[in-house]
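Examining the three-dimensional arrangement
Chain residues, written in single-letter form:
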Amino acid sequence: MPTLSDATRQYRRTLMNDLMDRTRVDPLVFTAADFFQWATNFHVDVQTWERPIAVCVPRNGEPFAVMNELSTHHLMMARERHHLWLDLARVTLYAEHPRVTQRQPLLAEVPALIADTLRAAGLAASRIGVDAAGGPLARAGAMLPDVKFVPMLADMRGLRWVKHDEEIAIMRAAAELADWVQDRYRENIRPGRLVQELDYSMAALMVTEGAKRFPGENLEVMRCWTLSGPASASPHGDGASCGARISEGDGMVNIVIPRLNGLVIENERTWFCGKPSSEQARFYEVARAANEAAVGAAITGKPVSGIDAAAQAVIEKAGCGEYIRHRTGHGMGIIGHEYPDDMAFNHRPLLANEVYSAEPGIYVYGLGGFRLDDSVVTGDTPVMLTNTPRTLAHATID
């Protein structure tokens, strides 16, 4: 089973060190859950607005963190599995509840705790790159008058564009599982079935199959979600899914999103319950061609925006431009909508080993949606991670 080893840790650390050198900051401090996980390989188990966390990665030295005591045993378990990129001795915990004995700092003292850990690390008069300058971190800064916090969110996002080979291997394994789930959807779609019941059944099959493929690893079902019939004309549904059933002749858009060992891929398809009408078939073929154009544009050196432009050109040429409701896709990685998230307006050249969703869609009010989404790795020749067939014949379930 592919996992993130010390090779990925060193790769990410090199990226962080290079950023610190370029921007002349001494450490980087991450407070958002996704950046914290990216820097430590710890699957963050709290809402950070409720239980703030921070990890500091010095230019010279090992990372240290401030965390909530709720994570205590999770940290120990992650360390025992050799998944954690933090020394437990360098994690300072604050209390989740008032203690009578073995007292720890409380939530209100987190700013002082952050200030104390920075001071103890010799960083009380340093330039510190941060992903966000508000909240407890800002209050900590007020206690360190010689510290300068440097907001660097855009630069930090760039650290996550290019994936290590181990990351791509995990995403490929997740994609293969998603393809397997799409096959199960194809076997189980039928008229009269509750749409939500179908999705929960498919999610159960995903975790059962995942247990066979990835025992002891971290598999999350982010989404098994289907929109059937006219509701699928809204990319995020009509808000009235309870009790919805599949009808003969429905077009259906489904979304299969697993997260494996902290990395996400997307796999979306359009299915037809029975033979599609000529109108449905026409829109499907336009969406399929747009998807293929988007995948084909994920070439190193070409602009990020070229992925969206290629798909949009196909849809516009077919006379369907009025039915576009969203950009063609986004980056993939730690979170589902990973950086860059501005595909349509981002004109920088693509780098090798970025991962994108290619998900152009057509949405016809009263009829339905038509969307195919594949996760693709950039390169001289783009590589698709998801491989569920895209032909109309395969999409038709008689």
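Residues numbered from 1 in each chain as written. Predicted model: local features only at pLDDT ≥ 70, side-chain atom pairs only at ≥ 80, totals over all residues. Heavy atoms only, no water.

**Side note on the UniProt feature "domain: Peptidase M24" (unreviewed entry) in the protein chain**
- Within this structure's numbering, the places UniProt gives as "domain: Peptidase M24" (unreviewed entry) are residues 170-377.
- Across residues 170-377, helical content stands at 34% and strand content at 22%; the span's end C-alpha atoms are separated by 13 Å. (UniProt positions renumbered as here; feature names shortened; annotations may be inferred. Helix = DSSP H or I, 4+ residues; strand = E, 2+ residues; numbered from the N terminus.)

**Let's talk about the domain arrangement of the protein chain**
- Split into domains, the protein chain comes out as domain 1 (6-159) and domain 2 (165-395).
- The C-alpha-based centres of domain 1 and domain 2 are spaced at 35 Å.
- Of the residues lining the interface, eleven residues belong to domain 1; the matching set on domain 2 comes to ten residues.
- Taken over both partners, the interface formed by domain 1 and domain 2 buries close to 990 Å², and the fraction arising from carbon and sulfur atoms is 48%.
- Its largest share of buried area at the contact with domain 2, domain 1 owes to Asp34, His43 and Arg157, together 45% of the area lost on that side.
- Our count for the domain 1 to domain 2 interface comes out at five residue pairs in polar contact (both at pLDDT 80 or more).
- Within the residue set of the side of domain 1 that touches domain 2, elements represented by two or more residues are α1 (6-23) and α2 (33-40). (Domains from an automatic or database assignment. Contact = heavy atoms within 4.5 Å. Buried area = accessible area lost by both parts, 1.4 Å probe. Polar contact = N/O pair within 3.5 Å; in protein donor to acceptor, adjacent residues only side chain to side chain.)

**Quick word on the pairing of strand β1 (residues 27-30)**
- With burial as the criterion, each face of β1 is covered, one bearing Pro27 and Val29 and the other bearing Leu28 and Phe30.
- Relative to strand β5 (residues 127-130), β1 is paired through two bridges, and the arrangement is parallel. Pairing of Val29 across the sheet is with Val130, part of β5. (Buried < 20%, exposed > 50% of the residue type's maximum accessible area, 1.4 Å probe, protein only. Pairing = 2+ DSSP bridges.)

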